[in-house]
Amino acid sequence: MKIFNILSIAIIGGCLLSGCDSSFLDEERNPNKYTPNQFWKSKEDIMKGLTGAYGALHASGEWAASYERYIVIDNYRSDETRFRPDVGSWDNIASFVNDQSNSTTRTEWKQLYRGINVANQCIDNIPNVQGNDDAIMKLKECALSEARFLRAYYYFRLYINFGEHIPLYTHQIEQNENDFFPQQAKDGEIVNFIKTELSEIQETLPEKYDQTGSGRATCYAAAAILGKLYMFNHEIAKAEKEFEKIIGRFKLVDNYEDNFDGLHKNNSESIFEVQYSGDRSGGRREYNNIAEHLSSGSIGGYEEAFPSDWLFDLLKKDKTIDGKYSSRLYGTILFDDPGTKMWYIGEGQQFKDIEKDNSNKIFWKKFATWDKSLSSDWWASAFNIPIIRYADILLLYAECLNDRGKTTEAVHYINEVRQRVNVPKLEDSMSKDEILKHLQNVERPCELAFEGVRWYDLLRWGIEQRAIKEHNKKFAENYIPTKHKLFPIPRQEFEMNPDWKQNPNFGK
């Protein structure tokens, strides 16, 4: 899905996020850009506006933007990842010494609110597009629901990282003082808003699209995000009801690595993923730089992050029924082994032939792959980033069942995931406590490593401090549970809104 520069967006970043003064409110609109009244005229405009809302999934589209969001923000705090000291704002997040001036968390805040504003423009203006025939009415209903989904997803990301005392915008920015000097949401307001949105739009989002709509939000994506929100807030019975809607509607792909190689996008296992076409024509940046940041210096990569020793040891125990390493290990980590395959390891070569001076190193394979059919340069990655896979939902559903004592049934769904990679089935005789510990310490990290779920899993289980210490995460001793579960609200916000409440134990 291509990103078009089509809207005159009074970006929240213009004032709320940049600390500018109120003179901004008096500036005239740029005459070279559309205003909402000029733009929203046709079904083509609906699709262009909606594309802008989806485009915010890419973050800013600038260098390292996707890496910062989907790797640094979502993975650097977990016990799965080691990092190379390099970019200070990234290192500080991984080391639990970040503060309210951190540029990476500020960028995430800013880009999510930009996405919310684009979605709000769609929601406010799509109903005004002329036409009342069946085709355009169906398009308007669906597009409105998609924009509401995206807005809810962006708020979900804000909530799990910055907490609930954040501004709630439900309409486009109009350049008035209420927009630029907002109140913080009250307790429960953000969560209830997300719940309501994701619940209501399930009635109007489709189950699937035709081929041209591949990658757009469905009713199942809404149910999945809502279920994850319930899990995060320990409303497990409600989460189960959402996941129940998805069970049996999707199918695990036969080959685990097909989820990450870019050649099997939006497959039968995909519930929602961030789309990258690889298109660089006309100045477009429809690629991400994740592989470039993760890959070995032997091919020109930056080696910014590595799998942790704990994760590597865990995956080496993930053996198939015939005693071999599973595809979850080979699809996640590159290491010195004859079974390690990668695009730059030629026929008849092994890892150690390429990494002559680094044969003891391990690298990420997941999100570092490349195929020439996707892009002309390996560093311009065109694989999609999975937000929700069916395997994740199967394991979450099993966790819900186990929580209410349906342990034997839970084992069935866990084994569905395990069978795909040919590892031994779990025994039906396992206890409720054993199943929970298995999900926490084995199944979810093996299946979902580096996919941005581990840190949030640890938080909802309340075991993050113990896990990072027991698994020897560097600088784990800096972690303070009453402080580092959330990021601080960016410092610039308090220049505009000095009475706002900061997240616990951070300064303004």
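See above for the structure.
Notes on the structure follow. (Residues numbered from 1 in each chain as written. Predicted model: local features only at pLDDT ≥ 70, side-chain atom pairs only at ≥ 80, totals over all residues. Heavy atoms only, no water.)

1. Digging into the overall build of the protein
In terms of regular secondary structure, the protein is built from 21 helices and 6 strands. Scaling as 2.2 N^0.38, a compact globule of 508 residues should have a C-alpha radius of gyration of about 23 Å, and the protein matches this with 23 Å. Principal-axis analysis of the C-alpha atoms gives the protein an extent of 70 × 45 × 45 Å. A buried classification covers 59% of the 508 residues belonging to the protein. A sequence separation of at least 24 residues applies to 70% of the contacts in the protein between residues at least 6 apart. Approximately 20800 Å² of the protein is accessible, and the part contributed by carbon and sulfur atoms is 46%. In the protein, 64 side chains carry a positive charge and 77 a negative one; their mean positions are 1 Å apart. (Helix = DSSP H or I, 4+ residues; strand = E, 2+ residues; numbered from the N terminus. Rg over C-alpha atoms; globule rule 2.2 N^0.38 Å. Buried < 20%, exposed > 50% of the residue type's maximum accessible area, 1.4 Å probe, protein only. Contact = heavy atoms within 4.5 Å. Areas by Shrake-Rupley, 256 points an atom, 1.4 Å probe, with all protein chains shown as cover. Lys, Arg positive; Asp, Glu negative; His and termini not counted. Charge placed at Lys NZ, Arg CZ, Asp CG, Glu CD.)

2. Digging into the pattern of salt bridges
Scanning the entire structure with this criterion turns up 39 salt bridges. As a salt-bridge pair, Glu-242 and Lys-245 come within 3.0 Å of each other at their nearest N and O atoms. Looking at Glu-242, the relative accessible area reads 8%, which means it is buried. Taking the relative accessible area as the measure of exposure, Lys-245 reaches 37% and is therefore partly exposed. The network of salt bridges with common partners includes Glu-269, Asp-318, Arg-328, Lys-366, Arg-389, Arg-418, Arg-420, Glu-443, Glu-447 and Glu-451. (Salt bridge = Lys/Arg side-chain N within 4 Å of Asp/Glu carboxyl O.)

3. A word on helix α9 (residues 219-232)
Helix length check: α9, at 14 residues, gives a terminal C-alpha distance of 20 Å against a target of 20 Å (1.5 Å per residue), a fit within 8%. The element α9 is largely enclosed, with a buried count of 14 among its 14 residues. Backbone geometry just after α9 places His-234 at a positive phi near 65 degrees. (Expected span 1.5 Å × (residues − 1).)

4. Description of the side chain of Ser-66
By the element assignment, Ser-66 lies in helix α3 (residues 65-75). Excluding its chain neighbours within four sequence positions, the residues that come into contact with Ser-66 are His-58, Ile-71, Tyr-276, Asn-288, Ile-290 and Ile-385.

5. Brief notes about the pairing of strand β6 (residues 385-389)
Across the 5 residues of β6, 5 count as buried, placing the element largely inside the fold. As paired elements, strand β2 (residues 270-274) and β6 share 4 bridges and run antiparallel to each other. The residue of β6 that forms the bridge with Ser-270 is Arg-389. (Pairing = 2+ DSSP bridges.)

Function cannot be read off these values alone, since they describe shape.
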